[in-house]
Amino acid sequence: MNTTYLVVMAVYLIAMLAIGFFASKRIESMDDFFVAGRSLGLLVTLGTFAATFVSSSSIIGFVGWLYVSGWSGLWAIGGTVLSIVFGSIFLLGKIREFGQFTVPDLFAARYYSEKMRILPVIIILLLYIVFVTVEIMGAGKALEVLLNMDYTVSCISIAIIFVLYTMAGGMFAVAWTDTIQMFIGFGAVIASIFVALNKVGGFTAMNIQLAQIDPGLVAPITGTASTAVIFIIWNHLVWGVGNISQPSNLVRAYSAKNAKTARLGSAISGVIFVVFYFASMILGGTARILYPNLQDIDHAFPTLVQNLFNPVIGGILIAAILAIIMSTTDSVLLVIGSTIGNDIYRKYINKDANSNQILKISRISIVITGLLALIFALTKPAPVLYVQIFNYSTIGSAFFIPLMVGLYWKRANKQGAFASMLGGALTNIVWYYLGQPFGLHPVIPGVIVALILIYSVSLATEEPPESAIEMFFPTSKAL
Amino acid sequence: MWGLPGGTVFMIFYLFVFAVGNLVVTSMLCNRKEKKEKGGIK
């Protein structure tokens with residue numbers, strides 16, 4: 001184990017914890033804990049959006065994938081860019097103007113029904129505990145490879161850090177650490193590409209050498225033109241719908257100081273996102289040229305780090321990997337804490353609860369969730385990795401249509417939304433377990449069924465009361 | 001260009017234009033909304 005790497009990592013982790021405890025001094029109310037007092041400016045808003053969009057797999061997984069697939073692999077990010085378009089143009093401004101705490105708050109208010117709070121709460125809790133498990137596993141494996149640490153020790157250390165700073169500082173800590181982590185991660189990747197490109201003779205030289213290894217590495221598509229076009233379209237739909245429906249992304253809008261900041265923060269994060277993945281392609285490409293015989297493609301980025309940089313810079317780069325993993329997990333933990341504190345405890349268990357009681361329950365929930373996820377992660381449940389892909393599509397199938405349609409179609413009512421959310425989620429699950437018939441990703445039939453149900457059931461049942469939809473359609477006179 | 005086939009160069013431009021275009025459109029929509037709220041646009 002490299003001592004310098006360990007020292008740099010330790011300094012980094014202590015700094016993150018310090019931010020958590022510094023942020024905890026600012027927590028006086030639910031607004032402070034869940035949505036950072038609705039005070040985040042543009043820089044922190046874009047930082048927290050960018051850090052959440054770039055998930056744990058981004059550096060290690062994506063660089064490894066591009067190492068194998070070459071440039072055509074970059075199409076995979078088109079869907080996430082589409083999701084950012086959905087967010088910044090259609091959704092986040094309206095969500096910020098609504099201004100509550102959680103995504104179930106939004107559904108319950110728009111569809112004037114507590115059933116429309118319970119259903120998303122169940123979906124979020126079931127899927128997000130698995131989400132945290134996968135992230136702890138990812139971080140544990142990264143440290144196992146990079147620092148030669150024991151997997152159990154890695155997972156326990158990571159889980160403690162995640163839980164402590166999320167629990168202490170809430171959204172203030174999450175947003176500020178996200179921003180710092182985004183800049184460290186982004187800066188590290190950009191700095192790496194200059195060193196890596198210098199090693200292979202520049203950008204054009206890299207592409208020429210890749211083409212010599214395999215012309216497919218520089219081709220824009222793989223397979224036949226028709227299969228490639230279908231892949232690109234599906235990829236856009238799956239990630240476009242799945243990403244923007246994630247509560248961990250949507251709740252960021254509540255924390256921005258106004259709707260404009262939420263929308264612009266998301267839009268700027270889209271540009272950062274594309275630059276980040278373009279840089280990842282360069283790292284994957286240079287690793288393929290410099291180290292063509294790697295046994296494990298996930299070792300592409302760590303191998304570059306170990307061979308191209310001195311230990312201090314290498315340690316910072318490894319910390320950057322951890323940074324990116326942390327920035328996704330803290331957001332998910334906070335969503336779970338706010339869902340239990342706000343949507344279950346405050347709404348059903350203790351309706352007279354004060355801010356301190358709700359915060360206490362939310363913090364306890366974060367600790368219990370972290371502990372459960374750690375226990376699951378230590379058992380190394382391989383199928384969980386598949387469940388992570390399933391998580392995105394289930395949430396996309398369940399939430400995207402009731403969210404988008406609800407904010408733009410006044411006639412959508414509670415019966416239609418309930419049928420749509422349940423039908424979309426169940427279609428996704430059934431399609432997944434049927435082995436994805438016709439090669440269709442489950443999110444596609446899930447979204448189609450959800451759309452048909454919200455439209456048909458809403459029209460077949462009574463109109464929503466004017467008073468219920470007024471806050472979402474302020475100029476509404478009559479349907 | 002850059003040792004890449006035309007289709008790959010197109011893909012790179014597409015992704016950047018998609019993201020930057022979204023930023024420009026979002027910025028225009030936000031400014032328009034602000035003006036509308038201040039009564040500048042009827």
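Further up the page is the structure itself.
The structure contained in this document is the topic of the report that follows. (Residues numbered from 1 in each chain as written. Chains lettered and ligands numbered in written order. Predicted model: local features only at pLDDT ≥ 70, side-chain atom pairs only at ≥ 80, totals over all residues. Heavy atoms only, no water.)

**Thoughts on the overall build of chain B**
When helices and strands are tallied, chain B shows 1 helix and 0 strands. Summarising its shape, the C-alpha atoms of chain B cover approximately 50 × 10 × 10 Å along the three principal directions. Every one of the 42 residues in chain B was classed for burial, and the buried ones make up 24%. With an accessible surface of roughly 2,700 Å², chain B has 69% of that area assigned to carbon and sulfur atoms. (Helix = DSSP H or I, 4+ residues; strand = E, 2+ residues; numbered from the N terminus. Buried < 20%, exposed > 50% of the residue type's maximum accessible area, 1.4 Å probe, protein only. Areas by Shrake-Rupley, 256 points an atom, 1.4 Å probe, with all protein chains shown as cover.)

**As for the overall build of chain A**
Scanning chain A for helices and strands turns up 20 helices and 0 strands. For chain A, the C-alpha radius of gyration of 22 Å lies close to 23 Å, the compact-globule estimate for 479 residues. By principal-axis analysis of the C-alpha atoms, chain A measures approximately 65 × 55 × 40 Å. When contacts within chain A are restricted to residue pairs at least 6 apart in sequence, long-range pairs at least 24 apart make up 85% of them. Carbon and sulfur atoms make up 69% of the accessible area of chain A, which amounts to about 17,600 Å² in all. Chain A carries 25 positive and 20 negative side-chain charges, and their two centres are separated by 5 Å. (Rg over C-alpha atoms; globule rule 2.2 N^0.38 Å. Contact = heavy atoms within 4.5 Å. Lys, Arg positive; Asp, Glu negative; His and termini not counted. Charge placed at Lys NZ, Arg CZ, Asp CG, Glu CD.)

**Section: the pattern of salt bridges**
All told, the structure shown has 5 salt bridges over all chains when counted by the stated rule. Note that Glu34 of chain B and Lys260 of chain A form a salt bridge whose closest N and O atoms lie 3.4 Å from each other. Within this pair, whereas Glu34 of chain B is found in helix α1 (residues 6-37), its partner Lys260 of chain A is found in helix α13 (residues 259-290), the two belonging to separate chains. A relative accessible area of 27% places Lys260 of chain A in the partly exposed class. (Salt bridge = Lys/Arg side-chain N within 4 Å of Asp/Glu carboxyl O.)

**Considering the interface of chain A and chain B**
On the side of chain B, 25 residues touch chain A, which itself brings 30 residues to the contact. Carbon and sulfur atoms make up 77% of the area that chain A and chain B hide from each other, which totals about 2,400 Å². Area buried by chain A at its contact with chain B is led by Trp75, Lys260 and Arg263 of chain A, which between them contribute 21% of it. Applying the counting criterion to the chain A and chain B interface returns 2 salt bridges. Connecting chain A to chain B are 8 residue pairs in polar contact (both at pLDDT 80 or more). Here the side of chain A that touches chain B gets 10 residues from one element, more than from any other, and that element is α13 of chain A. In terms of residue class, the side of chain A that touches chain B is made up of 21 nonpolar, 6 polar and 3 charged. (Buried area = accessible area lost by both parts, 1.4 Å probe. Polar contact = N/O pair within 3.5 Å; in protein donor to acceptor, adjacent residues only side chain to side chain. Nonpolar A, V, L, I, M, F, W, Y, C, P; charged D, E, K, R; others polar.)

**Quick word on the environment of Met116 of chain A**
Residues and elements named next belong to chain A. With respect to the helices and strands, the residue Met116 is situated in helix α7 (residues 115-147). For the pair Met116 and Ala417, spaced 301 residues apart in sequence, the C-alpha to C-alpha distance is 7.8 Å. If we skip the residues at most four places from it in the chain, Met116 touches Pro104, Phe107, Ala108, Tyr111, Ala417, Phe418 and Met421.

**What to know about the environment of Thr52 of chain A**
Residue placement: Thr52 of chain A occurs in helix α3 (residues 42-53). Setting aside residues up to four positions removed in sequence, Thr52 of chain A forms contacts with Asp178, Ser248, Asn249, Arg252, Ser327, Thr328 and Ser331 of chain A.

**Focus on the packing of α13 of chain A against helix α14 (residues 300-308) of chain A**
Residues and elements named next belong to chain A. Two numbers describe how α13 lies on α14: the axes approach to 9 Å, and their chain directions differ by 70°. Put simply, α13 runs roughly perpendicular to α14. Where α13 abuts α14, its residues Leu283, Thr286, Ala287 and Leu290 lie against Ala300, Phe301, Leu304 and Leu308. (Axes fitted to C-alpha atoms, helices over the stretch in contact; angles between N-to-C directions. Parallel < 35°, antiparallel > 145°, perpendicular 65-115°, else oblique.)

**Side note on α3 of chain A**
All names here are of chain A. In a regular helix each residue adds 1.5 Å, so 12 residues correspond to 16 Å; α3 covers 16 Å between its end C-alpha atoms and thus fits that length. Judged by how many residues are buried, α3 sits mostly within the fold: 10 of 12 residues are covered. Considered for burial, the residues of α3 that qualify are Val44, Thr45, Leu46, Gly47, Thr48, Phe49, Ala50, Ala51, Thr52 and Phe53. (Expected span 1.5 Å × (residues − 1).)

**Considering the packing of aromatic side chains**
Residue and element names in this part refer to chain A. With the rule as written, the count across this model stands at 21 aromatic pairs over all chains. For the ring pair Trp71 and Phe278, a centre distance of 5.7 Å and an interplane angle of 45° mean the geometry is tilted. Of this pair, Trp71 sits in the loop between α4 (60-69) and α5 (78-98) while Phe278 sits in helix α13, placing them 207 residues apart in sequence. Relative to Phe400, the ring of Phe86 has its centre 5.2 Å away and its plane inclined at 55°; by these criteria the two rings are tilted. Of this pair, Phe86 sits in helix α5 while Phe400 sits in helix α17 (residues 383-408), placing them 314 residues apart in sequence. Taken as a pair, Phe86 and Phe400 share a single burial class, namely buried. The ring of Phe101 has Arg38 lying over it, and the distance from NZ or CZ to the ring centre is 5.2 Å. (Phe/Tyr/Trp six-rings, centres within 6.5 Å; stacked < 30°, edge-to-face > 60°. Lys NZ or Arg CZ within 6 Å of the ring centre and 35° of its normal.)

**With respect to the environment of Lys33 of chain B**
Tracing the backbone shows Lys33 of chain B in helix α1. Look at Lys33 of chain B and you get partly exposed, because its relative accessible area is 32%. Expressed as a C-alpha distance, the spacing of Lys33 of chain B and Thr8 of chain B, which sit 25 residues apart in the sequence, is 37 Å. Those residues within four positions of Lys33 of chain B in sequence are excluded, and the remaining contacts are Glu97 and Arg263 of chain A.

**Focus: α7 of chain A**
Compared with an ideal rise of 1.5 Å per residue, which puts 33 residues at 48 Å, α7 of chain A spans 48 Å between its outermost C-alpha atoms and is within 8% of the ideal. Following α7 of chain A by one or two positions, Asn148 of chain A has its phi on the positive side, about 60°.

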